[in-house]
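Listed here are the chains, written in short residue letters.
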Amino acid sequence: MLDSLFPWLLVPLGLALGWALGRRQSLAATAPAAVLNPEQIGGLLRQLASDDPDQAIAALTQVTQLDESAIELHLQLGNLFRKRGEVDRALRVHETLLARPNLSPAVQGQVRRELAYDYMRAGIMDHAEQQFERLISDGHYVAESLDQIRQIAEQIHDWRAAIAAARRLEAAQGESKRALIAQYWCELAEEARRAKKAEEALQLAQRGTEEDADCVRAHLLLGGLQEAAGDKPAAAKSYLRAFALDARYLPDLLEPLYRCLLGSGDSETYLQFLKDAKEISASSLPFIAEARLLADEGIDPLDHLAQGLEVRPSRAVLAQFLEVLEKQPNVIAAGLDKPAASLRLALRRLMESAPRYQCSHCGFSPRQQFWQCPSCKRWGSIAPIDEAMRLPG
Ligand SMILES: [Zn+2]
């Protein structure tokens, strides 16, 4: 019990004692009737110590005259209640304080800000938003309030409201929010795609690329939608743009580009893409893609994979090499096909259990792509990890 009370007592005690000492002098001079005297402060602390915070709140609300320290005590108590998850008590303290007459505009802003966070903590987002809007119109905590309104819109997946808040924030701070707004357009595009509104999804993804021409996600999304609409050349262009923007997406782009470029008869561009990929990235994946092209043409890709293994060793290229190796007649004749297959399966299992993506900000490593990191909440910070980059040392 004492452990849980300790942080409770520490802050209010310090505040209250400082306040009491300050009040003692003014009490002698003005003798007001309804300020907290040292005995009442003692009572308040006893109520907190006996874990009766409601009585402590009642004692506070009975005080009719508030000086700076008394206001600070209200705010500290309210915040402590909120931190402890006792949001109803936090709300009561802050609401009662805000209802007081004669609060200065600055104090009103301070209390309203706390109240807004209480509502957020309570999950009453519309009330929180109202308080933040009021803060903005009163000229208090403008950028912070706009950012909170944006985050509320994110939480409730109201992407158009998030765009509007981000634009207001952009104007208030004078900083570009285009990268963020492009993510919101992508969210809207994905919603439309899930609702089978293909044309609308395409237009929204296009808006994403217009908002931020460097948004990899918007180009990937646009490529997927164009491919689904049967426009393979346009899709390939979008995928290639995504690769030019961020070569880390190579693992996610090889297959779509194979489908779109070879599917539209443009093997020349595909070969050029693989050549570029080998130069730009340290990945072994272009070797695997080239081996696939050789196999498509009926050429044994074993030597090519062996070369890949030599210059870009990775589990992926080794697994592919074994897959081709175990089908070689001399390997089968020697009875080595089964051990090769076992080794390949073990490698595949290792690869399947490894994380495929990583957040460049917090290091979170999921198996699937998230455009907003579930851990640090950053947008666009998660990208594929190339298998070649995480070979055991
Ligand atoms: Zn993160």
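Refer to the structure above for everything that follows.
As the structure is a prediction and not an experimental result, all values here were calculated from the model.

Visitor: What is the right way to look at the overall build of the protein chain in this model?
Guide: Per the secondary structure count, the protein chain includes 20 helices and two strands. Classification of the 393 residues of the protein chain by burial places 46% in the buried group. When contacts within the protein chain are restricted to residue pairs at least 6 apart in sequence, those whose partners lie at least 24 apart make up 52%. Of the roughly 19,800 Å² of accessible surface on the protein chain, 52% is carried by carbon and sulfur atoms.

Visitor: In this structure, what is going on with the pattern of salt bridges? I would like to understand it.
Guide: Any two side chains of opposite charge can pair, so long as their charged atoms come close to each other. Applying the stated rule across the entire model yields 23 salt bridges. In this structure, Glu-323 and Lys-327 form a salt bridge, with 3.9 Å as the shortest nitrogen-oxygen distance. Residue Glu-323 is classed as partly exposed on the basis of its relative accessible area of 25%. Across the pair Arg-344 and Glu-326 runs a salt bridge, and its minimum N-O distance is 2.8 Å. A residue pair is termed long-range when its members are at least 10 positions apart, and Arg-344 in helix H20 (residues 337-353) and Glu-326 in the loop between helix H18 (315-325) and helix H19 (329-333) qualify at 18 residues. Residue Arg-344 is classed as buried on the basis of its relative accessible area of 16%. Take Glu-326: its relative accessible area is 12%, and that puts it in the buried class. Connected through shared salt-bridge partners, Arg-82, Arg-113, Glu-114, Asp-118 and Glu-144 make up one network.

Visitor: What am I meant to see in the nonpolar core here?
Guide: One finds Leu-220, Leu-253, Leu-254, Leu-257, Tyr-270 and Phe-273 to be the most contacted residues of the largest nonpolar core, which totals 33 residues. Contributing elements (two or more residues each) for this core: helix H12 (216-228), helix H13 (232-245), helix H14 (250-263), helix H15 (267-280), helix H16 (285-296), helix H17 (302-311) and H18. Considering each element in turn, this core owes the most residues, seven residues, to H14. Leave out the neighbours within four places in its chain, and Phe-273 touches Leu-240, Phe-243, Leu-250, Leu-254 and Leu-257.

Visitor: Please explain the side chain of Asp-118 as it appears in this structure.
Guide: If you trace the backbone, Asp-118 turns up in helix H6 (residues 105-122). Within the structure, Asp-118 has its side chain in polar contact with the side chain of His-94 (distance 2.5 Å). Not counting the four nearest positions on each side in its chain, Asp-118 is found in contact with Arg-82, Val-87, Ala-90, Leu-91 and His-94.

Visitor: Help me understand the side chain of His-74 in this model?
Guide: Relative to the assigned elements, His-74 resides in helix H4 (residues 68-83). Assessed through its relative accessible area of 2%, His-74 is described here as buried. His-74 has contacts with Leu-60, Leu-66, Val-93, His-94, Leu-97 and Arg-100, leaving out every residue within four places of it along the chain.

Visitor: Please clarify how empty space enclosed by the protein should be interpreted in this entry.
Guide: Any space left empty among the atoms is revealed by the rolling of a water-sized probe across them. Evaluation of the coordinates by the stated rule reveals one cavity of 30 Å³ or more. In this structure, the largest cavity spans a volume of roughly 30 Å³. Lining the largest cavity are Ile-57, Leu-60, Thr-61, His-74 and Val-93. With three residues, the single largest contributor to the lining of the largest cavity is helix H3 (residues 53-61). Considered class by class, the residues forming the lining of the largest cavity number three nonpolar, two polar and no charged.

Visitor: I would appreciate a short explanation of the layout of surface pockets in the present structure.
Guide: The volume enclosed by the largest pocket comes to roughly 600 Å³. Lining the largest pocket are 21 residues, with Pro-251, Leu-285, Ala-316, Arg-348 and Met-351 sitting closest to its centre. Contributing elements (two or more residues each) for the lining of the largest pocket: H14, H16, H18 and H20. Across the lining of the largest pocket, the residue classes tally to 10 nonpolar, one polar and 10 charged. Taken as a whole, the second largest pocket spans an internal volume of roughly 230 Å³. Together, 15 residues line the second largest pocket, and His-157, Trp-159, Glu-187, Gln-372 and Trp-379 are the ones closest to its centre.

Conventions adopted
- Residues numbered from 1 in each chain as written.
- Predicted model: local features only at pLDDT ≥ 70, side-chain atom pairs only at ≥ 80, totals over all residues.
- Heavy atoms only, no water.
- Helix = DSSP H or I, 4+ residues; strand = E, 2+ residues; numbered from the N terminus.
- Buried < 20%, exposed > 50% of the residue type's maximum accessible area, 1.4 Å probe, protein only.
- Contact = heavy atoms within 4.5 Å.
- Areas by Shrake-Rupley, 256 points an atom, 1.4 Å probe, with all protein chains shown as cover.
- Salt bridge = Lys/Arg side-chain N within 4 Å of Asp/Glu carboxyl O.
- Core = buried A, V, L, I, M, F, W, Y, C linked by side-chain atoms within 4.5 Å.
- Polar contact = N/O pair within 3.5 Å; in protein donor to acceptor, adjacent residues only side chain to side chain.
- 1 Å grid on protein atoms, 1.4 Å probe; cavity = no way out; pocket = protein on both sides within 12 Å on 5 of 7 lines; lining within 4 Å.
- Points joined across faces, edges and corners; volume = space filled by probe spheres on them.
- Nonpolar A, V, L, I, M, F, W, Y, C, P; charged D, E, K, R; others polar.

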